[in-house]
Amino acid sequence: MGPLPTQRATSGDVPSPSRQSAPGHVVARTSLPGNPLAPGAARRFVRAALADWTGLAVPAAATITDRAADDAVLLAAELVTNAVVHAGTNVELLFKLEDPDQGAPAALVLEVSDHHPGRTLRHQQRTADHEPDDDLDLDEYGRGLQLVAALAECWGITYRPGTKTVWARLPLEGWDACPVPGGEPAIQRGLRAAELLAPVPRRPVRDDEEWTGRGALSFLAEASDLLAGQLDEDLVAALAGQLLVPRLADWCAFWLEDAAGADGYQREGGGAPRLARVWHADESALEALRAVLEKEPPRMAEPPSPGPVVVAWPAPGDLRADAGDGTALAYRLVVGGHGLGTLLIGRRGVARVPDAVASLVEDFARRVALAIGAARRYARQVTISRVLQRGLLPSQVAQIPGVRSCVVYEPSDDGLAGGDFYDVFQAGPGARRWCFMLGDVQGSGPEAAVVTGLARPWLRLLAREDHADHEVGHVLDRLNRLLLDDATEAAETAASVVAEVVAEAADPLAAEAAAQEEETAGATALEPRPLPRFLSLLYGELVPLAPEDGGGARCTLACAGHPLPLLLRPDGTVAPAAVPQVLLGVVDDVGYESQTFHLAPGDTLLCVTDGVTERRSRSGRMFDDGDGLAAALAGCAGLPAREVADRIRRAVHGFGEAPVRDDLALLVLQAEAAPVPAQAARH
């Protein structure tokens, strides 16, 4: 069984062009901004690539005719125009010259990728009001995919996580999409343009005997691999449509019900089903089909069952005149007895769908329903986690008189509450002390968030008690005892149950396997595992000083197992502002000590978590190896607090090629420089 076709393959089951160049193939790539200048840049890029290949005497380049070059330039402009207008993201353009292979002629291959897979490509008809003007005129929204279908031997749309790619293949021998005998070049172009606006749809050749035995199993296996791990229900519907059309059906549509699904989660928008995705083997009939189907969704019996139900064929008068009648089947998408939506498929020109195909689509619909249910559970988990995270972090950062502050906080997973936390607050109404903290709980995810939810409020309460500055370390002593106190286990037990529920929503299969493993060992599912309570923390207090006292602020801080804060002087010198001490929550007989220094006007204090210092490069080197953080901070001398924070953040992200995998947090405190006296300014 060959690879699954994409949205359309006009010459049999032709796979999407590979992004990996085979030996002897030449490839040119570029990235274009998602603005009106992109189509013109794409045309220039294709022309330049063709000229380079010809100048380098690439063997296959000798078969490139002027007509093939014109077609390649035209297709590049059309595909980029569609991507810019309908996606609006940056566009990746790949242009490849394929050598002849096993009797197949040399070919030019174009791939245009955007980063908004949720946006479908519309098929626009040209009107008198939308004539091409120049590179900046995108009012016509491109000539649509009709042009691609007419010029290319085969083309298609491929969805990957976060990316949508439209590809087209132009053979250099034995293919003439729009033959025009003789005539001047200008006349040829005009006649060809007229032809392109009325292409003849090509009906796919389908062999239903393929779906008996191993063919069906192979299809379902590939479908399961493609749908597994998709966390967006609309993307699941888009991928499922690619798999069905044109291989199993001439068209298909997905309705998704926005009411409470299998997870019981109520979505916005009420309970009316919405038409999430429509696919058609004939691109020119896609919009007409959508218009017909949007009028009324199929009505299915309750309670929902996954079997096929014959439904009325869409009104032929509203579709293409040559579409004809056929058979339409509806399948309920059911998980755990709850309906999530409906899949509708149609085949033209047949009185009934073969039993083998109907049964295969039923099995396929079950897999689609499971994927949609998993995507909805993930969406629910993300919502819960974001609500929790809003409660774990301060709603605002206090403004300290004479001290500018800036906070950068980036959790490793946008959908999960992290273990890093921060706060800047006044010790109490009318108090002259402002407190700041930056901490990191062992681990990440819900378990770390539980400990964060305990530690930050406790520290706020302890910090607001009246005490002298030299007792800052005493605040950490008391927090350490609270973390080790057996009385906190009752709160942890309840919190661990919440963490278990959130984790199960994120990965129900893994949670079920873990529960079975515990049951085999004699444990019950409700027995909470002990949560880690190790906590690194930097805690300090600032007391603003009057100009006659030197200005700036008096800073007292203590560091418990945390990356040491760095003090940047205006002359560019950098030094640690604290001494290392043991983590909180490890031993109960430790006494924490604090350090006091003058944060003079112009001085900058940088506090970070280990997501900054332990950021790794490809070679395994960490960002802070060889005092890398101090070197980066030294280059920030003279910058305001916000720019210091932004420069350090960019340095961390740029240190490694892979995305940052740990929570990242940093706090910058900068004493404002004393104003220059007016008399001194005149001199």
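Above this text you will find the structure in question.
Residues numbered from 1 in each chain as written. Predicted model: local features only at pLDDT ≥ 70, side-chain atom pairs only at ≥ 80, totals over all residues. Heavy atoms only, no water.

**Considering the sheet that holds strand 7 (residues 273–280)**
The sheet built from 5 strands is open, its strands ordered 7-6-10-9-8 with antiparallel pairing. Among the strands making up the open sheet, the edge pair consists of strand 7 and strand 8 (308–311). Here the average twist between neighbouring strands, direction ignored, is 20°. Pairing analysis gives 7 bridges linking strand 6 (residues 251–257) to strand 7, with the strands arranged antiparallel. Counterpart to F254 in the pairing with strand 7 is R277. Lying on the sheet, helix 8 (residues 355–392) is in contact with strand 6, strand 8, strand 9 (326–335) and strand 10 (338–348); it crosses strand 9 at an angle near 40°. (Pairing = 2+ DSSP bridges. Helix = DSSP H or I, 4+ residues; strand = E, 2+ residues; numbered from the N terminus. Axes fitted to C-alpha atoms, helices over the stretch in contact; angles between N-to-C directions. Contact = heavy atoms within 4.5 Å.)

**Things to note about the nonpolar core**
Of all hydrophobic cores here, the largest spans 83 residues; its most connected members are V46, W53, F95, L108, L244 and L343. Discounting residues that sit within four places of it in the chain, V46 has contacts with A72, V73, A76, L93, F95 and L110. Counting 51 residues, the second largest nonpolar core, distinct from the first, contains V403, C555, A665 and L669. (Core = buried A, V, L, I, M, F, W, Y, C linked by side-chain atoms within 4.5 Å. Buried < 20%, exposed > 50% of the residue type's maximum accessible area, 1.4 Å probe, protein only.)

**Some thoughts on helix 1 (residues 38–55)**
Along an α-helix, a turn takes 3.6 residues, which lines up residues three or four apart on a common side. For helix 1, spanning 18 residues, the distance from its first C-alpha to its last is 25 Å, which sits close to the expected 26 Å at 1.5 Å a residue. In the core, the buried residues of helix 1 are packed alongside strand 1 (26–32), helix 2 (66–86), strand 2 (91–98) and strand 3 (107–114). A57 lies just past helix 1 and shows a positive phi near 60°. (Expected span 1.5 Å × (residues − 1).)

**Here we look at the side chain of D420**
Counting through the fold element by element, D420 comes out in strand 12 (residues 420–426). Put simply, D420 is tucked away with no salt bridge, and the nearest opposite charge, on R456, sits 13 Å away. Within the structure, the side chain of D420 is placed 3.0 Å from the side chain of T609, a separation counted as a polar contact. Setting aside anything within four residues of it in sequence, one finds D420 in contact with L393, Y409, G439, D440, T609, D663, L664 and A665. (Lys, Arg positive; Asp, Glu negative; His and termini not counted. Salt bridge = Lys/Arg side-chain N within 4 Å of Asp/Glu carboxyl O. Polar contact = N/O pair within 3.5 Å; in protein donor to acceptor, adjacent residues only side chain to side chain.)

**Focus on the sheet that holds strand 18 (residues 595–599)**
Strand order in the open sheet formed by 5 strands is 12-13-14-15-18, and the pairing between neighbours is antiparallel. In this open sheet, the two edge strands, each paired with only one partner strand, are strand 12 and strand 18. Here the average twist between neighbouring strands, direction ignored, is 15°. Inspection of the sheet shows strand 13 (residues 434–441) paired to strand 14 (residues 535–544) by 8 bridges, in the antiparallel sense.

**Here we look at helix 15 (residues 641–655)**
Spanning 15 residues, helix 15 covers 21 Å between terminal C-alpha atoms, matching the ideal 21 Å at 1.5 Å per step. Inspection of helix 15 places A641, V644, A645, I648 and V652 among the buried residues, and these make up the whole buried set. Projected onto a plane normal to the axis of helix 15, the buried residues spread over an arc of 95° and lie on a single side. Turned more than 90 degrees away from the buried face of helix 15 sit R642 and G654, all of them exposed. Packed against the buried residues of helix 15 are strand 11 (403–410), strand 19 (604–608), helix 13 (610–613), helix 14 (628–634) and strand 20 (664–671). (Arc of directions from axis to C-beta.)

**Focus: the environment of L605**
Relative to the helices and strands, L605 resides in strand 19. L605 gets classed as buried once you look at its relative accessible area, which sits at 0%. Residues L605 and P565, 40 residues apart in the sequence, show an inter-C-alpha distance of 6.8 Å. Residue contacts for L605: discarding those within four places in its chain leaves F436, C555, L557, P565, L566, L567, A577, F597, L599, L667, V668 and L669.

**Here's the deal with the pattern of salt bridges**
Counted by the stated rule, this structure contains 21 salt bridges. Two residues, K164 and D114, come together in a salt bridge whose shortest N-O distance is 2.9 Å. Residue K164 is located in strand 5 (residues 163–171), and its partner D114 is located in strand 3; the two are separated by 50 residues in the primary sequence. The class for D114 is buried, based on a relative accessible area of 3%. A salt bridge links E153 to R169; its shortest N-O distance comes to 2.8 Å.

**Notes on the packing of helix 1 against helix 2**
Between helix 1 and helix 2, whose axes approach to 8 Å, the crossing angle comes to 150°. By the angle class used here, helix 1 and helix 2 are roughly antiparallel. Seen from above, helix 1 lies across helix 2 with right-handed handedness. For the pair formed by helix 1 and helix 2, the contact residues are A38, P39, A42, R43, V46, R47 and L50 on the first element and A69, A72, V73, A76, A77, V80, T81 and V84 on the second. Of the residues belonging to the contact of helix 1 with helix 2, the class tally is 12 nonpolar, 1 polar and 2 charged. (Parallel < 35°, antiparallel > 145°, perpendicular 65-115°, else oblique. Left-handed = near helix turned anticlockwise from the far one by under 90°. Nonpolar A, V, L, I, M, F, W, Y, C, P; charged D, E, K, R; others polar.)

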